[in-house]
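Structural characterization, general
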Amino acid sequence: MNTKHEITNRYDVLIVGFGPAGAVAASMFGQRGHSTLVIDRMTGIYEKPRAIAVDHEILRHFDNMGIADDVLPFVAPFTASQHYGAQGQLIRRIDMVPEPYPLGYTPSMVFTQPPVEQVLRRHAASLDTVTIELGTELIDLTDTGDEVVATLRSSDGTVRNVAAKYAIGCDGASSTVRQLAGIVLEDLVFDEPWLVVDVQVHDEALAKLPQTSVQFCNPARPTSFIIGPNNHRRWEIMLLPGEEGREMEKPENVWRLLSPWLSPDDGDLWRAASYRFHALVADDWRRGRVIIAGDAAHQQPPFIGQGMCQGLRDVSNLVWKLDRVLKGQSSDTLLESYTVERKRHVRTLTGKIKAIGQVICERDPTAAAERDARIIAEGGGQPLTITRQEIVPPIEEGLIGADGTPGRGLLFPQPAIVTNGETVLMDRLIGNDWRLLLDGRKISIEEVRTLAQEAHGITVCAIVPAGSPLVINGALEEKDGILAHWFDRHGVIAALVRPDHYVFAGAADIAALRQQLDDLQTRLA
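In this text the structure is predicted, and so the values were computed from the model without any measurement.

A separate point is the side chain of Gln299. Inspection of the secondary structure puts Gln299 in strand β19 (residues 298–299). Overall, Gln299 belongs to the buried group, its relative accessible area being 14%. Looking at Gln299, its side chain comes within polar contact range of the main-chain oxygen of Asp295, at 3.0 Å. Setting aside chain neighbours within four positions, we find Gln299 in contact with Ala173, Arg178, Leu185, His278, Ala279 and Leu280.

Written out as structure tokens, the structure is:
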């Protein structure tokens, strides 16, 4: 075991991997005042796109970090996705919920990964509490019980030891951290070979292409088409038996596959990469002081574009909990809820993605025809429209109220607040720590004041629809009634909301709310 005098530096947190999940984790810890070392064996950003989809939950976190405005130039709304059956007929449509948007941002978006990663890294580098070492590889990791000792090798071959109170592996699907911690992956049984192709399409050729994203559920060759920002278009093409991935990546084979849509004169081939689309989840996400997140903890097929979002959900779930532990506000048993919540969420969502993937990947023509008829029947004889947000589940177990508690585990809305004649998103006004949001239509100013005294360490705020006749002094006025509708729908007058924006519990009356506050304080101890 490494001895104490061999350690060159000590940190609160060591993050291995400086991709999107690692960069966001570094910034979130750094902004909370924790000394953070983040390493990556690569020296720069991968210059081609991999992830392409991001959603409103993640943009909300970017806004909380102060970088949403820097990211938005590289983001565009995700178009509706049309699903076409074996005979080329429309069988289903996946769209987004209409405005007013529940979190204040377009619910589903596409983005260009390299410049967004630049924003994430630049933000982490701007924080005095964050140290970044690129070209540095993790070669060993020892949990001593009091801290984690990491052996690092720099690009010049220098080997040294550093220590941290906790180490977090955001180091991808072949995670060294996961392997050194002895964490194994559970196979959720999905394994299909695909070719992912990105093209920068010339302006004059854009009209040749579908004007929405498309899922071609053609048993002869299942294919996805995604409209990215600006002229970026992506195809995900299922490889058939006998087609070898590396061979199919060659430009002549790529253009042959794209020939129903484009010729080589119509655009520039940006990237072609063969993958096996897997469904995997780690058996445990924490071993002592070693924790994993992102692709190190799970991989899922890309059929609704949730891969990177899932990794950033991991980080947003973990950081506020570990922040409390590091500050001595909670015992480290709080971290047990990280695996419970995120593993269940990933398994549920992966199950839904697998079901979509199995529909898309059907190669048997007879089964494909039966599938098309079944989907049309589910829509009452018409193509059914569903939203991507219906597919993403709530938190189902963990640090949330008991079964039957209204609103438990749901992602809490973010309304636009009217202030001084302008509209501002709620988080910018009240922050994103623990919050108690009260329905100002159904609660008195005296009750608000009493609850503010009782709810230690929690931001308490009453909200009413703009123009309400009985406005509590100090209440926020929301522009579109999003929260009023949410309170009414769930039959509650209050919601206790976590720092990652998930609802701990809703309460139908003051007595129930006091019980939820007591339960929360006990479980956070």
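Having seen the model, we can carry on.
Time to look at the pairing of strand β6 (residues 90–95). Here strand β5 (residues 81–84) pairs with β6 via 4 bridges, running antiparallel. Its bridge partner being in β6, Gln82 is matched across the sheet by Arg93. Pairing between β6 and strand β20 (residues 384–387): 4 bridges, direction parallel. The residue of β20 that forms the bridge with Arg93 is Thr385.

Let us look at the pattern of salt bridges. As enumerated under the stated definition, the model contains 38 salt bridges in all. For Lys327, the salt bridge goes to Asp323, with nearest N and O atoms at 3.0 Å. According to the relative accessible area criterion, Lys327 is partly exposed, its value standing at 44%.

Ranked by internal contacts, the top residues of the largest apolar core, which has 115 residues, are Ile15, Phe62, Ile168, Phe303, Leu322, Leu438 and Leu513. In terms of residue count, helix α8 (residues 307–326) provides more of this core than any other element does, 10 residues in total. The residues contacting Phe62, other than those within four sequence positions of it, are Val24, Ile67, Ala68, Val71, Leu120 and Leu312. Counting 19 residues, the second-largest nonpolar core is a separate cluster that includes Val199, Ile227, Trp255 and Leu257.

What follows concerns the packing of helix α13 (residues 445–454) against helix α15 (residues 510–524). The angle between the axes and the distance between the axes are what describe a pair of packed helices. It is the contact of α13 with α15, at a shortest axis distance of 12 Å, that shows an interaxial angle of 10°. When the interaxial angle is binned, α13 and α15 end up roughly parallel. Within the contact between the two elements, α13 uses Glu447, Thr450, Leu451 and Glu454 and α15 uses Ile510, Leu513, Arg514 and Leu517. Among the residues making up the contact of α13 with α15, the classes are represented as 4 nonpolar, 1 polar and 3 charged.

This paragraph deals with the packing of aromatic side chains. Across all of its chains, the model carries 9 aromatic pairs by this definition. Relative to Trp261, the ring of Trp235 lies with its centre 6.0 Å away and its plane at 50°, an arrangement referred to as tilted. Pair noted here: Trp235 is in strand β15 (residues 232–238) and Trp261 is in the loop between α7 (251–258) and β16 (267–282), with a separation of 26 residues, a long-range link. The same class applies to Trp235 and to Trp261, which are both buried. Here the aromatic cluster, defined as three or more aromatic residues joined through ring pairs, consists of Tyr84, Phe216, Phe225, Trp235 and Trp261. In this structure, Arg289 is placed above the aromatic ring of Tyr166, and the distance from its NZ or CZ to the ring centre is 4.9 Å.

The next subject is the sheet that holds strand β3 (residues 53–55). Pairing in this open sheet of 3 strands is antiparallel, and the strands run β3-β7-β4 from one edge to the other. In the strand order of this sheet, the two ends are held by β3 and β4 (75–77), each with one partner. Averaged over all adjacent pairs, the angle separating strand axes in this sheet is 40°, with direction ignored. The sheet contact formed by β4 and strand β7 (residues 108–111) spans 3 bridges and is antiparallel. The residue of β7 that forms the bridge with Pro77 is Met109.

Rules and cut-offs
Residues numbered from 1 in each chain as written. Predicted model: local features only at pLDDT ≥ 70, side-chain atom pairs only at ≥ 80, totals over all residues. Heavy atoms only, no water. Helix = DSSP H or I, 4+ residues; strand = E, 2+ residues; numbered from the N terminus. Buried < 20%, exposed > 50% of the residue type's maximum accessible area, 1.4 Å probe, protein only. Polar contact = N/O pair within 3.5 Å; in protein donor to acceptor, adjacent residues only side chain to side chain. Contact = heavy atoms within 4.5 Å. Pairing = 2+ DSSP bridges. Salt bridge = Lys/Arg side-chain N within 4 Å of Asp/Glu carboxyl O. Core = buried A, V, L, I, M, F, W, Y, C linked by side-chain atoms within 4.5 Å. Axes fitted to C-alpha atoms, helices over the stretch in contact; angles between N-to-C directions. Parallel < 35°, antiparallel > 145°, perpendicular 65-115°, else oblique. Nonpolar A, V, L, I, M, F, W, Y, C, P; charged D, E, K, R; others polar. Phe/Tyr/Trp six-rings, centres within 6.5 Å; stacked < 30°, edge-to-face > 60°. Lys NZ or Arg CZ within 6 Å of the ring centre and 35° of its normal.

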